[in-house]
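Survey of secondary and tertiary structure
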Amino acid sequence: MKTVRLPSGELVSALGQGTWFMGEQSSAQPQEIAALQLGLDLGMTLIDTAEMYADGRAEVVVGKALSDRPSRRDAAFVVSKVYPHNASRSGTITACERSLKRLQTDRIDLYLLHWRGQHPLAETVQAFEALKSAGKIRDWGVSNLDVKAMTELWQVPGGQAVAANQVLYNLGRRGVEWDLLPWLHRHGVATMAYSPIEQARLLRHKGLQSFAIRHGLRPAPVALAWLIAQTGVMAIPKSASEQHLRENAQALHMQLTPDQLAELDQLFAPPRGPQALEVL
Ligand code: NDP
């Protein structure tokens, strides 16, 4: 099973589960809870959520999924995110406390700044470090930060403790390979790829479909296995479907050959120059 080592030395599953759009409809909750639990059982033990998703109700769904048996929480690695407008010195702390309540847990394993907003990075880092000292979060990171912002963060007191940067990255969005991924790799910061199948649009790519057929594979696990084949890269596909989860989990055990990787490079060209960081 593929894992990624965080700067702390902790190993986490390279394949996790997203939760954007979960918690939107109460009628869908039982299926979403069952999906997250199945994903955990299949080895996708990292769960990514945020205070933003469904106004906190995605965190409620995660909390319920983690509460069916005592061992569930310990087996999971929970990631959540603070809204930029809450990311002041005191706002980060109260936002985290609200998230902890919704998640029905006493600690978040990795707490991220969702994107950069008005509050100085130094203040957010101070709050993250205070939460860490209090045992309310175990590690912290950022999301949607480009090389310029990461360089700035690195200069801030305590900024070098950043564990991960969660960014838009998939076969069809390879711009980050030009400068951001090498920067993160050089500084020992993990990369978490969001929208790893481009919200399912990637699966309709004719080239990827014929690649999968030629090799007797399915497009989704190919796209995910390609991401997590890279050192320090995790991917967090969202699915509330049992069939899709089982398919996605195949990526944890899939080893693409050098020839297959070269074929994918032909289909989805790597960047030839710097590009602005893309976001969804
Ligand atoms: P994904 O690329 O994970 O795609 C999710 C969509 O793909 C859903 O509609 C899902 O439907 C479908 N799907 C999943 N697996 C399969 C499969 N095997 N076959 C066919 N369809 C499939 O998009 P997301 O934008 O949700 O990104 C993943 C996670 O990343 C988010 O949920 C969120 O946690 C995080 N994120 C973070 C952002 C940030 O700014 N930090 C921004 C965007 C996302 P179904 O449920 O029916 O399977």
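Residues numbered from 1 in each chain as written. Predicted model: local features only at pLDDT ≥ 70, side-chain atom pairs only at ≥ 80, totals over all residues. Heavy atoms only, no water.

Considerations on the overall build of the chain
So the rule is basically this: Where helices and strands are cited, they refer to DSSP runs of H or I of at least four residues and of E of at least two residues respectively, numbered from the N terminus. For the exposure calls, accessible area comes from a 1.4 Å probe over protein chains only, and a residue counts as buried if that area is under 20% of its type's maximum, exposed if over 50%, partly exposed in between. For this analysis, residues touch if any pair of their heavy atoms sits within 4.5 Å. Note that His is not counted, nor are the chain ends; the positive residues are Lys and Arg, and the negative ones are Asp and Glu. Working definition for charges: the position is that of NZ of Lys, CZ of Arg, CG of Asp or CD of Glu.
Counting its secondary structure elements, the chain contains 11 helices and 10 strands. Residues counted as buried form 55% of the 280 residues belonging to the chain. Look at the contacts in the chain between residues 6 or more apart in sequence, and 76% of them connect residues 24 or more apart. Averaging the positions of the 29 positive and the 27 negative side-chain charges in the chain gives two centres separated by 1 Å.

Some thoughts on the site of the ligand
The following threshold applies: Only a single heavy atom is needed: when it lies within 4 Å of a molecule or strand, its residue is near that molecule or strand. Polar contact criterion, stated in full: a pair of N or O atoms within 3.5 Å, where within protein one must be able to donate a hydrogen and the other to accept it, and residues adjacent in sequence count only if both atoms are side-chain atoms. The method behind every accessible area is Shrake-Rupley, applied with a 1.4 Å probe, and residues are considered shielded solely by the protein chains displayed. Under the scheme applied here, ten amino acids are nonpolar (Ala, Val, Leu, Ile, Met, Phe, Trp, Tyr, Cys and Pro), four are charged (Asp, Glu, Lys and Arg), and all others, including Gly, are polar.
Inspection of the region around the ligand gives 28 residues, with D48, Q166, K238, S239 and H244 positioned closest. The contact in question runs from a nitrogen atom of the ligand to an N or O atom on the side chain of S143, over 2.9 Å. Contact between the ligand and E198: an oxygen atom at 3.3 Å from a main-chain N or O atom of the residue. Protein chains shield 87% of the accessible area of the ligand, which is 890 Å² for the free molecule. In terms of residue count, the dominant contributor to the shell around the ligand is helix α10 (residues 242–249) (3 residues). Residue classes in the shell around the ligand are distributed as 11 nonpolar, 12 polar and 5 charged.

What about the packing of aromatic side chains?
Note the cut-off: Between the rings of Phe, Tyr and Trp (Trp by its six-membered ring), a pair exists once the centres lie within 6.5 Å; its type follows the angle of the planes, with under 30 degrees stacked, over 60 edge-to-face, and the other angles tilted.
A full pass over the atoms with the stated rule returns 7 aromatic pairs. Between the aromatic rings of W20 and F21, the centroid separation amounts to 4.7 Å while the plane-to-plane angle is 20 degrees, which identifies the pairing as stacked. For W20, a relative accessible area of 29% corresponds to the partly exposed category. Taking 5.7 Å as the distance between ring centres and 70 degrees as the angle between the ring planes, the aromatic pair formed by Y111 and F128 counts as edge-to-face. Of the two residues, Y111 sits in strand β6 (residues 110–113) while F128 sits in helix α5 (residues 121–133), which places them 17 residues apart along the sequence. Given a relative accessible area of 1%, F128 falls into the buried group. An aromatic cluster of at least three residues, connected via ring pairs, comprises W20, F21 and Y53.

Comments concerning the pairing of strand β7 (residues 140–143)
Under the convention used in this document: At least two DSSP bridges between two strands are needed for those strands to be called paired. Here, the term right-handed applies to a crossover whose path from the first strand over the helix to the second runs clockwise when the strands point away from the viewer.
Taking every second residue as pointing to the same face, both faces of β7 are buried, with W140 and V142 on one and G141 and S143 on the other. For β6 and β7, the ladder comprises 3 bridges, and the chain directions are parallel. Following the sheet pairing, Y111 is matched in β7 by W140. Since β6 and β7 lie parallel, the crossover through α5 that links them has a hand, and here it is right-handed. Taken together, the 2 bridges between β7 and strand β8 (residues 164–168) define a ladder with parallel strand orientation.

Side note on unusual backbone geometry
For A54, which is not a glycine, the phi torsion comes out positive at approximately 50 degrees. Tracing the backbone shows A54 in the loop between β4 (46–48) and α2 (57–65). For A54, a relative accessible area of 8% puts it in the buried group. With a phi close to 55 degrees, Q199 is a non-glycine residue in the positive phi region. With respect to the secondary-structure elements, Q199 resides in the loop between β9 (190–194) and α8 (206–214). Residue Q199 is classed as partly exposed on the basis of its relative accessible area, which comes to 37%.

A look at the nonpolar core
Where we set the bar: Put simply, a nonpolar core is a bunch of buried Ala, Val, Leu, Ile, Met, Phe, Trp, Tyr and Cys residues held in one set by side-chain atoms that sit within 4.5 Å of each other.
Counting residues in hydrophobic clusters, the biggest one holds 87 residues, and the most contacted among them are Y111, M150, L153, Y169 and L264. In contact with Y169, not counting residues within four places along its chain, are R174, V176, E177, L181, A193, Y194, S195, P196, W226, L227, Q230 and V233.

Remarks on the environment of V61
Along the chain, V61 falls in helix α2. Separated by 32 residues in the primary sequence, V61 and I93 place their C-alpha atoms 22 Å from one another. Not counting the four nearest positions on each side in its chain, V61 is found in contact with G23, Q29, E32, I33 and L36.

Side note on the sheet that holds β4
For clarity, the threshold we go by: For helices, the axis comes from a line fit to the C-alpha atoms of the stretch in contact; other axes are also lines fit to C-alpha atoms, and the angle between any two N-to-C directions lies between 0 and 180 degrees.
Reading across the sheet, the 8 strands line up as β3-β4-β5-β6-β7-β8-β9-β10 and stay open at both edges, with parallel pairing between neighbours. Two strands bound the open sheet, and with one partner strand each, they are β3 (16–17) and β10 (233–235). On the sheet, helix α9 (residues 219–228) packs against β9 and β10 and is oriented at approximately 155 degrees with respect to β10.

Everything listed is a geometric property; what it means functionally is a separate question.
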